[in-house]
Amino acid sequence: MSLAHGRPYLAIPGPSAMPDRVLNAMHRAAPNIYEGALHEMVASLWPDLKRIAGTEHQVALYIANGHGAWEAANANLFSRGDRALVLATGRFGHGWAESARALGVDVQLIDFGRAAPADPARLEEALRADPGHRIKAVLVTHVDTATSIRNDVAALRAAIDAVGHPALLAVDCIASLACDEYRMDEWGADVTVGASQKGLMTPPGLGFVWYSDRALERCRASDLRTPYWDWTPRSFGTEFWQHFCGTAPTHHLYGLRAALDMILDEGLPAVWARHEALARAVWTAFDHWGAGNPEIALNVADAACRGRSVTAARMGAPHATRLREWTETRAGVTLGIGLGMALPSEPAYHGFLRVAHMGHVNAHMTLGALAVMEAGLAALEIPHGEGALAAAAASLGAAA
Ligand SMILES: *Cc1c(COP(=O)(O)O)cnc(C)c1O
């Protein structure tokens, strides 16, 4: 028998659950792109997008997914042959590096592995070894969605400043924006990259790059910039079409407007606190399961270094894949695959999974997903410790 019939829950780290309010806002006839209501609505997006990233500087919007936003940032930051220093803490750090390398950027990569954050001391060391200032920018993910490692952006900025190195700091916040606390200006990031389909609760298709005045000045001469990726007309265009380099992504923009309203109505600190509480409930459940089976464990040992939007865990191959299949087919909950931890062709691949708690997610969704996982662990006779659900419920009860 299957108990999956009913509203399904996609608990993968993007695309995330979409609010009915966002979907309903998109369900409309094509608007006039030349004048009228669309122009007014879009004018209201810019200040709110800056609030989401914590910046008073510029934002450029692209019809693109996260890979497009990476390329947008790279194309504006670098000229061919410039050096980028990439601090990788998972698959997505490597992905941004690959994007830069393919454009002709000279990539220097420090790999911090899959279980620890980027170490500011090693960043400092790498910058001290570059007295000629060949490194133009440091690229890092705030939360790497593959490992769920969260990096300390302010500490990385401090390391750059300690050396007095002029490198810009560019941060991929695709998995953390409107989930995990992020303050672009206060923390000293020069560039922030985002996408619509994670914490921003809007279908995949919008990419964002926020950039500081320093980045604007420093990157004016970048020769990788092509007309489509150039961030300046998108921010400073005097005609409506210039913000999108052509036709606006009309329906996505209406969806985004509704999503920003929801986030700002709740209030960013409350949004961050909600994600924190949901994340802690998930961690608590895994800790209890793991107490009865040493193969079950969170990927990141130190809670301070875990993202609040996604949790990567292991449970011994092939149990993670068995559990994912069970929760999806028997109970309507789709969990995330393990990403970048082992090749899909390797047996170890089936020992990793991720639970998303990102965006339009509340207590009953997360507790429901955990309870379904517990049911699956029992049905599949995967050894696990007792008391996970009671502990997760108590942790949410205490936070609410
Ligand atoms: C999802 C994600 C990406 C890639 O986004 P796509 O839309 O799949 O191209 C990049 N970086 C991070 C941190 C992500 O979470």
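Residues numbered from 1 in each chain as written. Predicted model: local features only at pLDDT ≥ 70, side-chain atom pairs only at ≥ 80, totals over all residues. Heavy atoms only, no water.

The name given to the protein chain in an unreviewed UniProt entry is Serine-pyruvate aminotransferase/aspartate aminotransferase, with Cereibacter sphaeroides as the source organism. Turning to the protein chain, the UniProt record has this under Sequence similarities (unreviewed entry): "Belongs to the class-V pyridoxal-phosphate-dependent aminotransferase family." (UniProt positions renumbered as here; feature names shortened; annotations may be inferred.)

All residues adjacent to the ligand are N65, G66, H67, W70, F92, V143, T145, D172, I174, A175, Q197 and K198. Measuring from an oxygen atom of the ligand, one finds a side-chain N or O atom of H67 at 2.5 Å. A distance of 2.7 Å separates a nitrogen atom of the ligand from a polar side-chain atom of D172. Against a free-state accessible area of 380 Å², the protein chains account for coverage of 90% of the ligand. Judged by the proximity of its atoms to the pocket grid, the ligand belongs to the second largest pocket. Residues of the shell around the ligand, tallied by class, amount to five nonpolar, five polar and two charged. (Near = heavy atom within 4 Å. Polar contact = N/O pair within 3.5 Å; in protein donor to acceptor, adjacent residues only side chain to side chain. Areas by Shrake-Rupley, 256 points an atom, 1.4 Å probe, with all protein chains shown as cover. 1 Å grid on protein atoms, 1.4 Å probe; cavity = no way out; pocket = protein on both sides within 12 Å on 5 of 7 lines; lining within 4 Å. Sits in = over half its atoms within 2 Å of the grid points. Nonpolar A, V, L, I, M, F, W, Y, C, P; charged D, E, K, R; others polar.)

A few words now on the UniProt feature "modified residue: N6-(pyridoxal phosphate)lysine" (unreviewed entry) in the protein chain. Those residues carrying the UniProt feature "modified residue: N6-(pyridoxal phosphate)lysine" (unreviewed entry) are K198 in this numbering. If we ignore the near neighbours within four places in the chain, the residues touching K198 are P13, G14, S16, T145, I174, A175, M358 and G359. (Contact = heavy atoms within 4.5 Å.)

A volume near 630 Å³ is recorded for the largest pocket. Looking at the largest pocket, it is lined by 30 residues, and the ones nearest its centre are R7, Y9, A17, H360 and M365. Every element with two or more residues in the lining of the largest pocket is listed here: β1 (9–11), α1 (20–26), α10 (250–266), α11 (268–291) and α13 (363–379). By residue number, the principal contributor to the lining of the largest pocket is α13, which donates four residues. Grouping the amino acids of the lining of the largest pocket by side-chain chemistry returns 17 nonpolar, nine polar and four charged. Split by domain, the lining of the largest pocket shows at least three residues from each of two domains, domain 1 (9–16 + 267–399) and domain 2 (31–265). Empty space within the second largest pocket amounts to approximately 410 Å³. In this structure, the second largest pocket is lined by 26 residues; those nearest its centre are H67, W70, F92, K198 and L339. If you list the elements that add at least two residues to the lining of the second largest pocket, you get α3 (66–77), α4 (91–102), β6 (143–144) and β13 (333–337). Sort the elements by how many residues they give to the lining of the second largest pocket and α4 lands first, with four residues. Looking at the lining of the second largest pocket, its residues break down into eleven nonpolar, nine polar and six charged. Of the domains in this structure, domain 1 (9–16 + 267–399) and domain 2 (31–265) are the two that each give at least three residues to the lining of the second largest pocket. (Points joined across faces, edges and corners; volume = space filled by probe spheres on them. Helix = DSSP H or I, 4+ residues; strand = E, 2+ residues; numbered from the N terminus. Domains from an automatic or database assignment.)

Looking now at the UniProt feature "binding site: substrate" (unreviewed entry) in the protein chain. Look at the UniProt record and you will see "binding site: substrate" (unreviewed entry) annotated at R354. Here R354 is to be found in strand β14 (residues 352–356). Given a relative accessible area of 6%, R354 falls into the buried group. When near neighbours in sequence (up to four residues on either side) are disregarded, R354 contacts A11, P13, T145, A146, V310, T311, A312, L335, G336, I337, G338 and L339. (Buried < 20%, exposed > 50% of the residue type's maximum accessible area, 1.4 Å probe, protein only.)

In this section: the environment of T226. Looking at where T226 falls in the secondary structure, it is placed in the loop between α8 (213–218) and α9 (231–236). Each C-alpha atom, one on T226 and one on V107, is 20 Å from the other, the two residues being 119 residues apart in sequence.

A word on the side chain of Q58. As for its placement among the helices and strands, Q58 is situated in strand β2 (residues 58–63). There is a polar contact of 3.2 Å between the side chain of Q58 and the side chain of D213. Here Q58 is in contact with K50, V209, W210, Y211, S212, D213, L216, S235 and F236, once residues within four sequence places are set aside.

The next thing to look at is the packing of aromatic side chains. Scanning all chains against the criterion turns up nine aromatic pairs. On the basis of an interplanar angle of 55 degrees and a centroid distance of 6.4 Å, the ring pair of W70 and F92 is categorised as tilted. Here the residue W70 occupies a position in helix α3, and F92 occupies one in helix α4, the gap between them amounting to 22 residues. The exposure class assigned to W70 is buried, which follows from its relative accessible area of 3%. Note on Y211 and W231: the rings are 3.8 Å apart at their centroids and 0 degrees apart in plane angle, and the pair reads as stacked. (Phe/Tyr/Trp six-rings, centres within 6.5 Å; stacked < 30°, edge-to-face > 60°.)

One open sheet accounts for seven strands, arranged β2-β10-β9-β8-β5-β3-β4; its pairing is mixed. One side of each edge strand has no neighbouring strand; the edge strands of this open sheet are β2 and β4 (106–111). On average, each strand axis in the sheet is inclined to that of its neighbour by 20 degrees, with strand direction left out of account. Pairing of β2 with strand β10 (residues 206–211), which is carried by six bridges, proceeds in the antiparallel orientation. Residue V59 lies in a different strand from β10, and its bridge partner there is W210. (Pairing = 2+ DSSP bridges. Axes fitted to C-alpha atoms, helices over the stretch in contact; angles between N-to-C directions.)

Per the stated rule, a full pass over the model turns up 19 salt bridges. The partner of E217 in a salt bridge is R220, with the nearest N and O atoms 3.5 Å apart. The closest approach of N and O atoms between E266 and R274, which form a salt bridge, is 2.8 Å. Take R274: its relative accessible area is 22%, and that puts it in the partly exposed class. Several salt bridges share partner residues, and in doing so they unite D48, R51, R257 and D261 into one network. (Salt bridge = Lys/Arg side-chain N within 4 Å of Asp/Glu carboxyl O.)

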